Amino acid sequence: MGRGGRVDLRQLKAFERKLAKLATADYEKFCEDCAKELAARLLAKVIKRTPVGVYEDGTTGGTLRRGWTAKSHREAELTATFGGGNGSKKFTDSMTVKKVGSNYEIEVINPVEYASYVEYGHRTRNHQGWVNGRFMMTISADELEQQAPAILEKKLMKMLKEAFDGD
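Because the structure is a prediction, the values reported are computed rather than measured.

So, about the pattern of salt bridges. By the definition in use, this model includes seven salt bridges. Here lysine 29 ties to aspartate 33 by a salt bridge, and the two come within 3.0 Å at their closest N and O atoms. Taken as a pair, lysine 29 and aspartate 33 lie in helix H2 (residues 27-49) at a separation of four residues, close to a single helical turn. Overall, aspartate 33 belongs to the partly exposed group, its relative accessible area being 31%. Among the ionic contacts, a cluster of salt bridges with common partners joins Glu37, Arg41 and Lys155.

The subject of this paragraph is the environment of asparagine 132. As for its position among the elements, asparagine 132 is in strand S4 (residues 130-132). Measuring from C-alpha to C-alpha, the distance between asparagine 132 and valine 46 comes to 17 Å, with 86 residues separating the pair along the chain.

One non-glycine residue, histidine 127, lies in the positive phi region at around 60°. Relative to the assigned elements, histidine 127 resides in the loop between strand S3 (121-123) and S4. Non-glycine residue phenylalanine 135 carries a positive phi angle of around 50°. By relative accessible area, phenylalanine 135 is classed as partly exposed at 33%.

One pass over the structure, following the stated rule, counts zero disulfides. Here cysteine 31 is not cross-linked by a disulfide; its sulfur's nearest cysteine counterpart is in cysteine 34, at 6.2 Å.

This structure, assessed with the given rule, holds one aromatic pair. When the centroid spacing of 6.3 Å and the interplanar angle of 75° are considered together, the rings of tyrosine 120 and phenylalanine 135 count as edge-to-face. With tyrosine 120 in helix H6 (residues 115-120) and phenylalanine 135 in the loop between S4 and helix H7 (136-165), the pair connects residues that are 15 residues apart, well separated along the chain. For tyrosine 120, a relative accessible area of 52% gives the class exposed.

Moving on, we come to the environment of glycine 101. Mapping glycine 101 onto the fold places it in the loop between strand S1 (98-100) and strand S2 (103-105). A C-alpha to C-alpha distance of 32 Å links glycine 101 and arginine 66, two positions 35 residues apart in sequence.

What follows is about the nonpolar core. Within soluble globular proteins, side chains that are nonpolar generally end up buried alongside one another. If you look at the biggest cluster of nonpolar residues, it comprises 23 residues, and the most contacted ones within it are Trp68, Ile106 and Val108. For this core, the elements supplying multiple residues, two or more each, are H2, H6 and H7. It is H2 that provides the largest number of residues to this core, a total of six residues. The residues contacting isoleucine 106, other than those within four sequence positions of it, are Ala35, Lys36, Ala39, Met95, Thr96 and Val97. One finds Phe30, Cys34, Met159 and Ala163 within the second-largest nonpolar core, a separate group that totals five residues.

To continue, consider the packing of H2 against H7. Interaxial distance between H2 and H7 falls to 9 Å at its minimum, and their mutual angle equals 145°. Regarding H2 and H7, the two cross each other, and that crossing is right-handed. Its residues assigned to classes, the contact of H2 with H7 shows 16 nonpolar, two polar and seven charged.

Procedures and definitions
Residues numbered from 1 in each chain as written. Predicted model: local features only at pLDDT ≥ 70, side-chain atom pairs only at ≥ 80, totals over all residues. Heavy atoms only, no water. Salt bridge = Lys/Arg side-chain N within 4 Å of Asp/Glu carboxyl O. Helix = DSSP H or I, 4+ residues; strand = E, 2+ residues; numbered from the N terminus. Buried < 20%, exposed > 50% of the residue type's maximum accessible area, 1.4 Å probe, protein only. Disulfide = S-S within 2.5 Å. Phe/Tyr/Trp six-rings, centres within 6.5 Å; stacked < 30°, edge-to-face > 60°. Core = buried A, V, L, I, M, F, W, Y, C linked by side-chain atoms within 4.5 Å. Contact = heavy atoms within 4.5 Å. Axes fitted to C-alpha atoms, helices over the stretch in contact; angles between N-to-C directions. Left-handed = near helix turned anticlockwise from the far one by under 90°. Nonpolar A, V, L, I, M, F, W, Y, C, P; charged D, E, K, R; others polar.

Pasting the structure below:
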């Protein structure tokens, strides 16, 4: 039959404490942080892909590129003259995350008036030709969509590691 034995429950109790710590974690903040990180990565990609105009008088533009981190077309224009502007990470930290059902959403827009024409293409001024779109947002979003699961898994593993390793 059975022999009398001893069972050490200290490790089980420690595991129970770690699970309780994990249960009290702020999942809302975690999800918002994930959404902001993905938005920052999207902005970094799309800003790199956004073309900068070179004009006949030798000057260069950049309003469209600066528009990704501006709140208005005018702000994007003025940051070239007066400086300022935000980096993509700083800008996304100031953005609000909306929870719609079980999804977290951040709206990434470029307020520059001609952004959609550069993205998707447009007719020439004389209506005789077509300027192809650059699809800087479309390509960047598709690229990030492929990378997002790995990014989110890494953040989740970090959160779990902190919960189980930290006492």
